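# Descriptive structure summary
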Amino acid sequence: MSLSGMTGKYLVGPGTGEGKMIQSTVAADQMTLTGGAEAPDGKVALTASVAKLNGSSSGNFLGAAAMADPVAALAAGFAVDGTFSYGQTNFDLDIVEKGNASKIVGSATSGDFNVAMDKGRLVYGGGGKGVNMSITGAQIPFPVNIAYGEGAFNLLMPVSKSDTPADFAFLAKLVDLTVSEEIWSLIDPGKTLPRDPATVVIDTKGAATLSVDLTDSAAMEALGDAPPGQLNALDITSLQARIAGAELTGTGAFTFDNTDTTTFDGVPAPTGKLNLSLTGGNGLLDKLVALGIVPADAAMQVRMMSAMFAKAGTGTDELTSEIEFKDKGLFVNGQRLQ
């Protein structure tokens with residue numbers, strides 16, 4: 001591995017409790033990497049290049065003896081927070097297994113990674129943009145090409161017992177995913193389905209109150225099947241699923257009454273709304289029936305169910321639904337179902 005145009009700095013000083021505060025930054029114009037490994041039944045070789053690397057971190061670090069017990073270390077003030085980003089990336093991976101050769105070639109325009117942890121929270125996330133990958137091999141009948149505009153993952157969760165609600169969040173995103181025409185042709189050789197890029201986004205946040213420390217394995221085992229805390233609120237900031245000409249979107253927000261777990265069979269009674277919109281759903285269902293992927297009777301059942309829970313929207317082939325929990329009841333488009 002080689003790095004060019006590398007710069008960096010770090011600062012060490014008094015920290016919290018018996019810890020030391022360490023802050024650092026590092027950057028490099030370019031990283032190149034070559035590597036390989038061999039085994040009796042095969043070998044692998046890798047070359048890669050990454051441009052515009054940037055990283056920073058800060059934390060309160062304890063000695064090796066203190067870190068032997070992570071729970072005690074967190075309680076004593078151990079904390080870390082770091083971010084890392086990179087620019088144009090290219091890689092080439094050659095694999096030989098039992099005499100069969102294959103190759104994976106890929107690139108990305110940029111990406112990032114972040115992690116943070118202290119007594120109260122855990123944060124972990126990352127993503128990439130402009131990703132392209134091609135897979136070829138002696139046992140693969142055609143090149144497999146995969147690309148997407150953006151992929152991202154992020155998790156924020158409380159980890160410590162508390163008497164007050166703490167924030168959590170979850171994000172999973174895959175935007176403008178495309179695959180080889182040969183893959184499409186396996187299921188749809190007549191091009192009945194649109195080849196539009198697919199997108200899936202789940203973006204949520206909320207608040208929860210933990211009754212135990214999640215890092216305490218003994219306390220977690222003592223819970224058995226009981227939950228480690230209470231769910232106080234959940235916001236669905238964005239929900240999106242788009243594929244083959246159909247798109248589902250939604251947003252919602254709920255609060256939960258943890259004193260009532262009988263109205264909805266063990267789930268804390270919610271209050272709030274979820275608004276959903278589906279466009280192109282009937283058209284996609286018709287195409288799936290024509291391809292023989294979905295039986296006609298199953299499609300009829302789906303349409304009957306959608307008639308119960310959705311109503312026609314203002315656009316062509318559009319269905320909308322408002323699911324609301326209030327007054328200990330479930331309402332769909334204003335009609336009480338429970």
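Structure shown above.
About the cut-offs
- Residues numbered from 1 in each chain as written.
- Predicted model: local features only at pLDDT ≥ 70, side-chain atom pairs only at ≥ 80, totals over all residues.
- Heavy atoms only, no water.
- Buried < 20%, exposed > 50% of the residue type's maximum accessible area, 1.4 Å probe, protein only.
- Helix = DSSP H or I, 4+ residues; strand = E, 2+ residues; numbered from the N terminus.
- Arc of directions from axis to C-beta.
- Patch = residues over 30% accessible without salt bridge, like charges linked within 9 Å, V, L, I, M, F, W, Y side chains within 5 Å.
- Areas by Shrake-Rupley, 256 points an atom, 1.4 Å probe, with all protein chains shown as cover.
- Salt bridge = Lys/Arg side-chain N within 4 Å of Asp/Glu carboxyl O.
- Core = buried A, V, L, I, M, F, W, Y, C linked by side-chain atoms within 4.5 Å.
- Contact = heavy atoms within 4.5 Å.
- Lys, Arg positive; Asp, Glu negative; His and termini not counted.
- Pairing = 2+ DSSP bridges.

On to helix α5 (residues 281-290). Along α5, the residues that are buried comprise Gly-281, Leu-284, Leu-285 and Leu-288. Looking straight down α5, one finds its buried side chains confined to an arc of 100°; they lie on one side. Gly-292 sits one or two positions beyond α5 and adopts a positive phi of about 80°.

A few words now on a nonpolar patch on the surface. A surface patch of nonpolar side chains, amounting to about 630 Å² of accessible area, comprises Phe-84, Phe-113, Tyr-124, Phe-153, Phe-170, Leu-174, Val-200 and Ile-202. Mapped by element, the contributors of at least two residues to the nonpolar patch are β11 (166-179) and β12 (198-210). Considering the arrangement of structural elements, one finds Phe-170 in strand β11.

Now for the nonpolar core. In this structure, Trp-184, Leu-193, Ala-244, Ala-246, Leu-284, Leu-285, Leu-288, Val-294 and Ala-299 together form the largest nonpolar core, which totals 9 residues. Looking at this core, the element that brings in the most residues is α5, giving 3 residues. Setting aside chain neighbours within four positions, we find Ala-244 in contact with Leu-193, Pro-194 and Leu-284. One finds Phe-256, Ala-269, Leu-274 and Phe-325 within the second-largest nonpolar core, a separate group that totals 8 residues.

Here we come to unusual backbone geometry. Positive phi outside glycine occurs at Asp-176, with the angle close to 55°. With respect to the helices and strands, the residue Asp-176 is situated in strand β11. According to the relative accessible area criterion, Asp-176 is partly exposed, its value standing at 33%. Even without being a glycine, Asp-327 presents a positive backbone phi close to 50°. A relative accessible area of 62% means that Asp-327 is categorised as exposed.

Right, let's get into the side chain of Glu-324. With respect to the secondary-structure elements, Glu-324 resides in strand β17 (residues 318-326). No salt bridge is formed by the buried Glu-324; its nearest oppositely charged neighbour, Lys-326, is found at 4.1 Å.

What follows deals with the pattern of salt bridges. All chains considered together, the criterion is met by 13 salt bridges. A salt bridge links Arg-242 to Asp-176; the shortest N-O distance between them is 3.0 Å. Taken together, the residues Arg-242 in strand β13 (residues 229-243) and Asp-176 in strand β11 connect sequence positions 66 residues apart. Using a relative accessible area of 25% as the deciding quantity, one classes Arg-242 as partly exposed. Of the charged contacts, one joins Lys-328 and Asp-260 as a salt bridge, the two residues approaching to 3.1 Å between their closest N and O atoms. With Lys-328 in the loop between β17 and β18 (329-332) and Asp-260 in the loop between β14 (246-257) and β15 (269-279), this residue pair connects regions lying 68 residues apart in the sequence. Residue classification places Asp-260 among the buried positions, given a relative accessible area of 9%. Each of Asp-81, Asp-118 and Arg-121 takes part in one network of salt bridges that share partners.

Turning our eyes to something else, we now look at the pairing of strand β7 (residues 100-108). As paired elements, strand β6 (residues 89-97) and β7 share 9 bridges and run antiparallel to each other. Considered in β7, the bridge of Phe-91 is made with Gly-106. What sits between the antiparallel neighbours β6 and β7 is a turn of 2 residues, in which Lys-98 has the positive phi angle 55°. Alignment of β7 against strand β9 (residues 121-137), held across 6 bridges, turns out to be antiparallel. Bridging from a neighbouring strand, Ile-104 pairs with Ile-135 of β9.

With that out of the way, let us pick up the environment of Thr-251. Inspection of the secondary structure puts Thr-251 in strand β14. The class of Thr-251 is partly exposed, set by a relative accessible area of 41%. Between the C-alpha atoms of Thr-251 and Asn-132, which are 119 residues apart in sequence, the distance is 31 Å. The contact partners of Thr-251, leaving out residues within four places of it in the chain, are Ile-236, Thr-237, Lys-273, Leu-274 and Asn-275.

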